[in-house]
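Structural description and commentary
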Amino acid sequence: MAAAPVHAFDRTELDSISDDHARLTRVLQTTLSLPLLLELFYTELAERLPLDGLSYTNPEPPCDCRHGRRARHSCSYNLALSGAGLGELVVYRRHAFTGEEIARLENYLCCLLYPLRNALLYHAALAQAHKDPLTGIRNRAALEENLASEIALSRRHGSELALIVFDLDNFKRINDTHGHQRGDCAIKAAVQAALDCARDSDNLYRYGGEEFVMLLRNTEARGACMLAERIRSSIENLSIECDKARIRFTVSAGVASLLADDSADSLFDRADRALLQAKEKGRNRVVCANRSSPDSIA
């Protein structure tokens with residue numbers, strides 16, 4: 001088989017390619033946000049090559065971003081820099097890529113490597129700073145950072161968003177009766193029970209002490225209330241053993257779903273007030289907030 005002809009670039013073409021790569025690199029260096037970086041790269045790449053979609057996955061720190069849609073033909077790359085893995089990137093198209101297009105694509109990927117490495121390092125450092133040391137889930141700082149962006153994402157895509165706020169009932173009594181070490185056991189057991197009830201897309205945060213928040217994407221009010229009730233029931237049926245002591249406890253929960261005029265503060269406030277009503281009604285129950293009157297699930 002005859003070798004494919006090699007295109008010889010003149011000085012003008014080389015300068016143009018160099019300028020194009022420099023522009024792309026400048027755009028990619030404007031953010032350390034991993035999702036935004038991949039969105040920028042896909043947008044910029046699609047202006048230079050006909051594409052149908054792009055996906056990026058990385059196990060650590062965990063990331064799964066998709067733009068556009070899958071198609072019949074794809075080019076897959078395991079990205080690395082100085083021997084360190086940077087995840088897998090796949091580009092999709094309905095029609096096969098030509099050899100010249102693959103060469104251009106791989107040149108553009110070179111512009112992504114350093115910004116991607118920096119975003120991954122930042123993401124990993126942020127994840128560590130946003131992790132609760134006792135339970136391993138995200139902390140209040142992570143919630144405060146993520147809630148506003150999740151609301152913006154929900155509005156951009158016209159999707160549902162809901163919030164569950166729950167805490168352990170009479171937690172001071174647990175600490176006073178069994179000691180703080182066993183109180184920590186109760187907190188970790190409650191977290192695991194909540195995670196076992198949730199989907200992979202649901203995010204759980206330790207807001208402080210014995211209070212937790214679960215952020216639910218693509219979930220309307222009824223579904224959020226049903227999940228809160230599953231969490232409440234699961235924890236009520238727990239009987240944990242810690243340092244030779246048997247501990248049982250319950251939780252109360254408040255639920256609110258995103259309204260058209262909600263801010264991050266108002267959404268959280270309605271869920272938190274619903275939690276307070278659950279406490280006032282006798283604890284070990286779920287109250288689902290709405291604009292008029294709350295619904296209680298005993």
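Let us look at the structure shown here.

Procedures and definitions
Residues numbered from 1 in each chain as written. Predicted model: local features only at pLDDT ≥ 70, side-chain atom pairs only at ≥ 80, totals over all residues. Heavy atoms only, no water. Buried < 20%, exposed > 50% of the residue type's maximum accessible area, 1.4 Å probe, protein only. Helix = DSSP H or I, 4+ residues; strand = E, 2+ residues; numbered from the N terminus. Arc of directions from axis to C-beta. Contact = heavy atoms within 4.5 Å. Pairing = 2+ DSSP bridges. Phe/Tyr/Trp six-rings, centres within 6.5 Å; stacked < 30°, edge-to-face > 60°. Lys NZ or Arg CZ within 6 Å of the ring centre and 35° of its normal. Disulfide = S-S within 2.5 Å. Polar contact = N/O pair within 3.5 Å; in protein donor to acceptor, adjacent residues only side chain to side chain.

1. Examining helix 5 (residues 171–178)
Here helix 5 has its buried residues at F171, I174 and N175. Buried residues of helix 5, seen end-on, are gathered within an arc of 95° and therefore sit on one face of the element. Helix 5 presents K172, R173, D176 and T177 as exposed residues on the side facing more than 90 degrees away from its buried surface. Where the residues of helix 5 are buried, they touch strand 6 (161–168) and helix 6 (180–197).

2. Re unusual backbone geometry
Backbone geometry follows two general trends: most residues other than glycine have a negative phi, and most peptide bonds adopt the trans configuration. Of note, the phi angle at N170 is positive, near 50°, even though the residue is not glycine. As for its position among the elements, N170 is in the loop between strand 6 and helix 5. For R283, which is not glycine, the phi torsion reads 70° and is therefore positive. For R283, the location among the structural elements is in the loop between helix 8 (264–280) and strand 12 (286–288). Judged by relative accessible area, which is 34%, R283 ranks as partly exposed.

3. Brief notes about the pairing of strand 6
Judged by how many residues are buried, strand 6 sits mostly within the fold: 8 of 8 residues are covered. Burial along strand 6 is two-sided: the face carrying L161, L163, V165 and D167 and the face carrying A162, I164, F166 and L168 are both buried. Of the strand pairs in this sheet, strand 6 and strand 8 (residues 211–217) are connected by 7 bridges, and their pairing is antiparallel. Within strand 8, the position partnered with I164 by the bridge is M214. Of the strand pairs in this sheet, strand 6 and strand 11 (residues 251–257) are connected by 7 bridges, and their pairing is antiparallel.

4. A few points about the packing of aromatic side chains
Two aromatic rings are characterised by how far apart their centres lie and by the angle between their planes. The tally for this structure, following the rule as stated, stands at 2 aromatic pairs. Ring geometry for F166 versus F212: centroids 5.5 Å apart, planes at 25°, classification stacked. On the criterion of sequence distance, the pair formed by F166 in strand 6 and F212 in strand 8 is long-range, its members being 46 residues apart. Exposure class is identical for F166 and F212. Each is buried. One Lys or Arg, R93, reaches over the ring of F97 and ends 4.4 Å from the middle of that ring.

5. As for the state of the cysteines
As enumerated under the stated definition, the model contains 2 disulfides in all. Across the disulfide, C185 is cross-linked to C242 (sulfur-sulfur distance 2.0 Å). Measuring the twist about the S-S bond at about 45°, one finds the C185-C242 disulfide to be right-handed. Highlighted residues: C185 in helix 6 and C242 in strand 9 (residues 240–242), separated in sequence by 57 residues. Overall, the relative accessible area of 21% leaves C185 in the partly exposed class. In this model C225 forms its disulfide with C288; the gap between the sulfur atoms is 2.1 Å. Note that C225 is positioned in helix 7 (residues 221–236) and C288 in strand 12, a separation of 63 residues in sequence. Here the two residues C225 and C288 agree in accessibility, since each one is buried. Across the protein chain, the disulfide pattern expressed with sequentially numbered bonded cysteines is 1-3, 2-4. Free of any disulfide, C65 has its nearest cysteine sulfur in C63, 3.5 Å distant. Exposure remark for C65: the relative accessible area of 11% places this residue in the buried category.

6. Some thoughts on the environment of N139
With respect to the element layout, N139 can be found in strand 5 (residues 138–139). Remark: the alpha-carbon pair of N139 and F212, spanning 73 residues in sequence, is separated by 9.0 Å. When near neighbours in sequence (up to four residues on either side) are disregarded, N139 contacts A129, H130, K131, D132, Y205 and R206. Among the polar contacts made by the side chain of N139, one reaches the main-chain carbonyl oxygen of A129 at a distance of 3.2 Å. One polar contact links the side chain of N139 to the main-chain amide nitrogen of A141, over a distance of 3.2 Å.

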